[in-house]
Amino acid sequence: MAIIKTTDKDKLDFDSAVSELSEYFSSLGARKGRALTYNVLTYGCQLNESDSEKITGMLSSMGLKESSGGELEAADVIVFNTCSVRENADRHLFGNLGVFKSLKKSDRDVIIAVCGCMMKVPENVAKIKKSFPYVDLVFDPQQIHRFPVLLRDSIRDKKQMVNISADDYIAEDSFFPIDRKRKFRALVPIMYGCNNFCSYCIVPYARGRERSRDFDEIVRELADLASKGYKEVMLLGQNVNSYKGEGGKTFADILRAASDFKEFSRVRFMSSHPKDLSDEVIEIMATRPNVEKHLHLAMQSGSDKVLKDMNRPYTIDRFLEIVDKFRTQVEGGSLTTDIIVGFPGETEEDFEQTLVAVDKAKFDAAFTFQYSPRPGTKAASFPDQIPQDVVTERFGRLTEYTNRFAEESNARLVGKTYEVLIEGISKAGDMTFSGRTITNHLVNFTIPSDLGIEIGPDMLEGRLCEVRIDHARPYSVDGVLISLKGE
Ligand code: SAM
Ligand code: SF4
Ligand code: F3S
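Residues numbered from 1 in each chain as written. Chains lettered and ligands numbered in written order. Predicted model: local features only at pLDDT ≥ 70, side-chain atom pairs only at ≥ 80, totals over all residues. Heavy atoms only, no water.

### Brief notes about the site of ligand 3
Argument step 1. As a structural note, the neighbourhood of ligand 3 is formed by Cys45, Asn48, Cys83, Ser84, Val85, Cys117, Arg207 and Gln238.
Argument step 2. When grouped by side-chain class, the residues that make up the shell around ligand 3 number four nonpolar, three polar and one charged. (Near = heavy atom within 4 Å. Nonpolar A, V, L, I, M, F, W, Y, C, P; charged D, E, K, R; others polar.)

This is the structure in structure tokens:
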């Protein structure tokens, strides 16, 4: 398994495939007497969302438009960008693929492609080959830069093209045309893959070994985004803190470089692993006004024994020390986490230690998951898998607990005024807008008509405003706009 950087030759192949496909789709469109469309379905995390922005960018540059109808089948190119992190994600794909059998028979020109993390699990690829021969194209997340070449070959050779590689490629963002989904927010992956091999997790198998993008390329991309008017950047990686650039550049250097662009009102990042979150990063969060005051730090369990079995190299005391440091240094900051219940061997006592840790950390929000055995991971073959009824019962108890802290975190905002970055309309009917505070609290708010602010569906997206918070809900708060900032 090697880490391979894309070359000029890869780019030439890419450009020539895009140009051949543009011609092909243009004549197909003329034959059909309509503009051709695509539909890209994205499952999973923000890294997949970022990949999908590249896939839609490539399809747009071939002359296709995004399908506007909600119907999946209406598009001419349908791409499933899959996630394999838990089992229910897998079921989704196969359920959906079945629907396309008759469509493929009736319209031989429609193209179906499947990519994403599920395609790194050999059983899934074998199942597509056997049960869904009408799928045109299968490729893994490391090969996204080859999408146009593979698509052209599958159309030209009229056969299912399966391309899964053992190598881990790294293509800079400048390699791709990118269709950014939000006009104010840019997703910027800074590193790919994961070396941590938590015993339950499929990601290191699906996304390969850790590899960092070129530091200067990232800064060039940030400068370009700033000049284009993006207000928020989200720096992405499975563990951004293990970024390793040339000349010893670290994640702290990237965070500082991003926050130096004053055009960005918000610099966000996701995710951090407790083992290598540096003091320097916490200090940058505390001192730089446009760096979010929100840390997502996965705890996974409150039991040292379970953490060890999970291959998470910290104790719960060490985790709580980091929490403490963050809470003391980043005033008013918010802390969110991921927790798994029902990991093999988790006893009632282990589970109760998780509740105790939640109590101590007082997370502002928690993503809670029922353990899902992933074939090929170490934990899938651990003895002592926990019966589903026990998992369900613990999961219920945990979410009740974490929801209480989330609600309390939201309640602390009530009666105060916060700066909010507007994301768009949340309820079109009554023109309620939504946005986030720098602590990542979700705010829904109305705009009093006597302020005389011109409002339209996406006129306010990316603007900063002051909102007075009046009411707390479990996952959001409600408020009223006090004033609009800037411009
Ligand atoms: N790299 C990130 C980190 O370590 O913080 C997490 C990425 S993972 C996509 C998101 C979350 O999914 C994990 O933190 C974990 O809680 C959960 N997860 C991963 N594998 C899982 C599994 N087999 N069953 C249940 N939850 C799982
Ligand atoms: Fe999965 Fe662990 Fe890597 Fe996160 S750090 S992606 S949980 S293996
Ligand atoms: Fe899923 Fe792959 Fe992300 S498994 S969570 S899409 S890295």
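### Regarding the packing of helix H3 (residues 87–98) against helix H5 (residues 122–131)
Argument step 1. Interhelical geometry of H3 versus H5 gives an angle of 10° and a closest axis separation of 12 Å. The angle between the axes of H3 and H5 places the two elements in the roughly parallel class. Residue-level inspection shows Asp90, Phe94 and Leu97 of H3 in contact with H5, the latter providing Asn124, Lys127 and Ile128.
Argument step 2. Per-class residue counts for the contact of H3 with H5 are three nonpolar, one polar and two charged. (Axes fitted to C-alpha atoms, helices over the stretch in contact; angles between N-to-C directions. Helix = DSSP H or I, 4+ residues; strand = E, 2+ residues; numbered from the N terminus. Parallel < 35°, antiparallel > 145°, perpendicular 65-115°, else oblique. Contact = heavy atoms within 4.5 Å.)

### Considerations on the sheet that holds strand E12 (residues 232–236)
Argument step 1. Read across the sheet, three strands follow the order E9-E12-E13 without closing on themselves; strand pairing throughout is parallel. If you trace the sheet from one side to the other, it starts and ends with strand E9 (185–189) and strand E13 (266–270), each paired once. Within this sheet the neighbouring strands show an average axis-to-axis angle of 20°, counted without direction.
Argument step 2. Across five bridges, the pairing between E12 and E13 is parallel. (Pairing = 2+ DSSP bridges.)

### Remarks on the sheet that holds strand E5 (residues 111–116)
Argument step 1. If you walk across this open sheet you meet the six strands as E3-E2-E4-E5-E6-E7, and the pairing is parallel. Each edge of the sheet is formed by a strand with only one pairing partner; in this case those strands are strand E3 (65–66) and strand E7 (161–163).
Argument step 2. With six bridges joining them, strand E4 (residues 77–82) and E5 adopt parallel strand pairing. Looking across to E5, one finds that Phe80 is bridged to Val114.

### Things to note about the site of ligand 2
Argument step 1. All residues adjacent to ligand 2 are Cys194, Asn196, Phe197, Cys198, Tyr200, Cys201, Val203, Pro204, Gln238, His273 and Arg312.
Argument step 2. When the residues that make up the shell around ligand 2 are grouped by side-chain class, the tally is seven nonpolar, three polar and one charged.

### Here's the deal with helix H1 (residues 8–32)
Argument step 1. Along its 25 residues, H1 runs 36 Å from first to last C-alpha, staying within 8% of the 36 Å computed at 1.5 Å per residue.
Argument step 2. Every buried residue of H1 is listed here: Phe14, Ala17, Val18, Leu21, Phe25, Leu28 and Gly29.
Argument step 3. Elements in contact with the buried residues of H1: helix H2 (46–61), E4, E5 and helix H6 (147–157). (Expected span 1.5 Å × (residues − 1). Buried < 20%, exposed > 50% of the residue type's maximum accessible area, 1.4 Å probe, protein only.)

### Considering the packing of helix H13 (residues 348–361) against helix H14 (residues 388–411)
Argument step 1. At a closest axis distance of 10 Å, the pairing of H13 and H14 adopts a crossing angle of 10°. For the element pair H13 / H14, the angle class is roughly parallel. Across the interface between the two elements, Glu348, Phe351, Glu352, Thr354, Leu355, Val358 and Asp359 of H13 pack against Arg394, Arg397, Leu398, Tyr401, Thr402 and Phe405 of H14.
Argument step 2. Of the residues in the contact of H13 with H14, the class split is six nonpolar, two polar and five charged.

### Focus: the pattern of salt bridges
Where side chains of opposite charge bring their charged atoms close, a pairing between them can arise.
Argument step 1. If you walk through the whole model with that rule in mind, you get 40 salt bridges.
Argument step 2. Measuring nitrogen to oxygen at the nearest pair gives 2.8 Å for the salt bridge that ties Lys104 to Asp136. Of the two residues, Lys104 sits in helix H4 (residues 100–106) while Asp136 sits in the loop between H5 and strand E6 (137–139), which places them 32 residues apart along the sequence. Each member of the pair, Lys104 together with Asp136, is buried.
Argument step 3. Of the charged contacts, one joins Arg268 and Glu232 as a salt bridge, the two residues approaching to 3.0 Å between their closest N and O atoms. A residue pair is termed long-range when its members are at least 10 positions apart, and Arg268 in strand E13 and Glu232 in strand E12 qualify at 36 residues.
Argument step 4. A relative accessible area of 8% places Arg268 in the buried class. (Salt bridge = Lys/Arg side-chain N within 4 Å of Asp/Glu carboxyl O.)

### Overview of the nonpolar core
Argument step 1. Of all hydrophobic cores here, the largest spans 55 residues; its most connected members are Ile190, Leu235 and Phe251.
Argument step 2. In this structure, Phe251 is in contact with Ile190, Leu235, Val240, Asn241, Tyr243, Phe269 and Val281, ignoring residues within four places of it in sequence.
Argument step 3. Counting 29 residues, the second largest nonpolar core, distinct from the first, contains Val40, Met161, Ala171 and Phe176. (Core = buried A, V, L, I, M, F, W, Y, C linked by side-chain atoms within 4.5 Å.)

### Things to note about the pairing of E9
Argument step 1. Taking burial as the measure, the five residues of E9 include five buried ones, the bulk of the element.
Argument step 2. Burial along E9 is two-sided: Arg185, Leu187 and Pro189 facing one way and Ala186 and Val188 facing the other are all buried.
Argument step 3. As paired strands, E9 and E12 are joined by five bridges and run parallel to one another. Residue Arg185 lies in a different strand from E12, and its bridge partner there is Glu232.

### Looking at helix H9 (residues 251–260)
Argument step 1. Across the ten residues that make up H9, a large majority, seven, are buried.
Argument step 2. For H9, the elements touching its buried residues are helix H8 (215–227), E12, E13 and helix H10 (279–287).

### Remarks on the pairing of E12
Argument step 1. A large share of E12 lies buried, amounting to five of its five residues.
Argument step 2. Residue alternation in E12 divides its side chains into two sets, Glu232, Met234 and Leu236 and Val233 and Leu235, and both sets are buried.
Argument step 3. In this fold, E12 hands off to H9, which returns the chain to E13; that crossover is right-handed. (Right-handed = clockwise from strand over helix to strand, strands pointing away.)

Remember that the coordinates give geometry; whether it matters functionally is a separate question.
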